[in-house]
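# Remarks on the overall topology
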Amino acid sequence: MNNLPTSAPSFDADRVLMLARDTLDVEAAAVLRLKQHLGYNFVKAVQLVLASPGRVVVMGMGKSGHIGRKIVATLASTGTPAMFVHPAEASHGDLGMIQPLDVVLAISNSGESDELNVILPMIKRLGIPLLAMAGSATSTLARHATVFLNSSVEKEACPLNLAPTASTTAQLALGDALAVALLDARGFKAEDFARSHPGGALGRKLLTHVRDVMRTGDQIPKVGLTASFSELMREMSAKGLGAAAVMDEAGQVRGIFTDGDLRRLVEKGIDLRQTTAGQVMHLNPQTVSVDALAVEAAELMELRRITSVLVLDNNGQLCGVLNSNDLMRAKVI
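Residues numbered from 1 in each chain as written. Predicted model: local features only at pLDDT ≥ 70, side-chain atom pairs only at ≥ 80, totals over all residues. Heavy atoms only, no water.

Turning next to the overall build of the chain. In terms of regular secondary structure, the chain is built from 16 helices and 12 strands. Taken against the 2.2 N^0.38 rule, which gives 20 Å for 333 residues, the C-alpha radius of gyration of the chain at 31 Å runs more than 25% over that of a compact globule. For the chain, the spread of C-alpha atoms along the principal axes amounts to about 90 × 60 × 45 Å. Taken over 333 residues, the chain has a buried fraction of 41%. Partitioning the intrachain contacts of the chain with sequence separation of at least 6 by distance along the chain shows that 62% fall at a separation of at least 24. Carbon and sulfur atoms make up 54% of the accessible area of the chain, which totals about 18,200 Å². Across the chain, 32 positive and 33 negative side-chain charges occur, with their mean positions spaced 1 Å apart. (Helix = DSSP H or I, 4+ residues; strand = E, 2+ residues; numbered from the N terminus. Rg over C-alpha atoms; globule rule 2.2 N^0.38 Å. Buried < 20%, exposed > 50% of the residue type's maximum accessible area, 1.4 Å probe, protein only. Contact = heavy atoms within 4.5 Å. Areas by Shrake-Rupley, 256 points an atom, 1.4 Å probe, with all protein chains shown as cover. Lys, Arg positive; Asp, Glu negative; His and termini not counted. Charge placed at Lys NZ, Arg CZ, Asp CG, Glu CD.)

Put into structure tokens, the structure is as follows:
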């Protein structure tokens, strides 16, 4: 038998937009209200985590657990070792994951989660500091906490005032505030962030050096000062970079010749057949250090409007060449 209603409620586009805007207003107000609760307790929470040689173990049930997992990810990627332990599983063996050197961050809007409260005595018996993020300062969780962080909200964004909405947004924002305060206190830098995100765009920019992507050995287009113009063209065509370094007898870079130089000489009507590389080369070519970041080379190439740059080692010797295509393949640009 079909128990579905015979007719669906009429769709009200204006009400949809009104509820969406109200939701954003309620959640924004909830986050801003957190500023009123911030005080020395927040400072103590940061000090407690900084003083801990272990990890921040985050715990929470239901929606608070989902928020806890995100807080763990943010902490771990910004220099604070963290892990999530499910409170219900903790009562059945996972409590062994928590060590005396750790700090526990327990999250519960009501502060009366049975799964959390049942393990509080064990956490205290182990002497583990407890940070409580809850919406009630008189709750069981808050009363057992070493430090209490108030995440209370006036109401949920849900029209029924039931579904965790504003409360979870407040928890997430307070967790972000904790992570940001900790990364600043630890002197965490962009390079540190990149090391924990090697697969991301920032990681590639901050961890990829010129030496990692440059062309070396026989891939480097180069000729001597006395090389004929035809030899110069053959070298450029063979290496396919649209440029060639011009070297003196001592192996020092004296100049460079590019496709752009060729076009300019042709436009001037110069007879190139009798010229040498030394006569047509462009002096003082742009170079980068082999130890430079690839993103620095990309910025130089963009600034000078060139597509290739010569790479020098620490002794000023030519050791490679870098093309914009190499940077694109490495996803640096």
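Let us keep going from here.
Pairing within the open sheet is mixed, and its 3 strands lie in the order β10-β11-β12. Single-partner strands in this sheet number two, and they are β10 (287–289) and β12 (318–323). Neighbour-to-neighbour, the strand axes of this sheet turn through a mean angle of 35°, independent of strand direction. (Pairing = 2+ DSSP bridges. Axes fitted to C-alpha atoms, helices over the stretch in contact; angles between N-to-C directions.)

In this section: the pattern of salt bridges. The tally for this structure, following the rule as stated, stands at 10 salt bridges. A salt bridge links Asp102 to Arg55, with the nearest nitrogen and oxygen atoms 2.9 Å apart. With Asp102 in the loop between α4 (87–90) and β3 (103–108) and Arg55 in the loop between α2 (40–51) and β1 (56–60), this pair connects stretches of sequence that are 47 residues apart. For Asp248, the salt bridge goes to Arg254, with nearest N and O atoms at 4.0 Å. Residue classification places Arg254 among the partly exposed positions, given a relative accessible area of 40%. Through salt bridges that share partners, Arg215, Asp326 and Arg329 make up one connected network. (Salt bridge = Lys/Arg side-chain N within 4 Å of Asp/Glu carboxyl O.)

We now examine α2. Between its first and last C-alpha atoms α2 spans 16 Å; for 12 residues at 1.5 Å apiece the expected length is 16 Å, and the two agree. Three or more residues of α2 are buried, namely Phe42, Ala45, Val46 and Val49. The arc enclosing the buried residues of α2, seen along the axis, measures out at 95°, which places them on a common side. Of the residues in α2, the exposed ones pointing more than 90 degrees away from the buried face are Tyr40 and Ala51. Tucked into the core, α2 has its buried residues touching β1, β4 (130–134), β5 (147–150) and α8 (166–185). (Expected span 1.5 Å × (residues − 1). Arc of directions from axis to C-beta.)

Quick look at the packing of aromatic side chains now. As enumerated under the stated definition, the model contains 1 aromatic pair in all. Taking 5.9 Å as the distance between ring centres and 85° as the angle between the ring planes, the aromatic pair formed by Phe229 and Phe257 counts as edge-to-face. Here Phe257 lies in strand β8 (residues 253–258) and Phe229 lies in helix α12 (residues 229–239), a separation of 28 residues in the sequence. Relative accessible area serves as the criterion here: at 0%, Phe257 is assigned to the buried category. (Phe/Tyr/Trp six-rings, centres within 6.5 Å; stacked < 30°, edge-to-face > 60°.)

With that settled, the discussion passes to the pairing of β8. If a strand is regular, its side chains alternate between the two faces of the sheet. Across 5 bridges, strand β7 (residues 243–247) lies against β8 in antiparallel orientation. Bridge pairing in β8 links Ala245 to Ile256. What sits between β7 and β8 in their antiparallel hairpin is a turn of 5 residues, with Gly251 showing a positive phi close to 85°. Strand direction decides the pairing type here: β8 and strand β9 (residues 282–283), joined by 2 bridges, are antiparallel. Paired with Gly255 across the two strands is Leu283, which belongs to β9.

Moving on: unusual backbone geometry. Positive phi is not limited to glycine here, since Asn284 has a value of about 50°. In this fold, Asn284 is placed in the loop between β9 and β10. You will see that Arg305, though not glycine, has its phi angle at about 55°, which is positive. Following the sequence through the fold, Arg305 ends up in the loop between α15 (294–304) and β11 (308–312). What makes Arg305 exposed here is its relative accessible area of 79%.

Moving on to the sheet that holds β7. Read from one edge of the open sheet, 4 strands run β6-β7-β8-β9, paired in mixed fashion. If you trace the sheet from one side to the other, it starts and ends with β6 (222–224) and β9, each paired once. On the sheet, α12 packs against β6, β7 and β8 and is oriented at approximately 75° with respect to β8. Where helix α13 (residues 259–267) meets the sheet, it contacts β8 and β9, and its direction lies at approximately 70° from that of β8.

A few words now on α12. Considered for burial, the residues of α12 that qualify are Phe229, Leu232, Met233, Glu235 and Met236. What you see down the axis of α12 is that its buried residues fit within an arc of 160°, all on one side. Exposed side chains of α12 directed beyond 90 degrees from the buried face belong to Arg234, Ser237 and Ala238. On its buried face, α12 sits against β6, β7, β8, α13 and α14 (277–280). Where α12 ends, the next residue or the one after it, Gly240, has phi of about 65°, a positive value.

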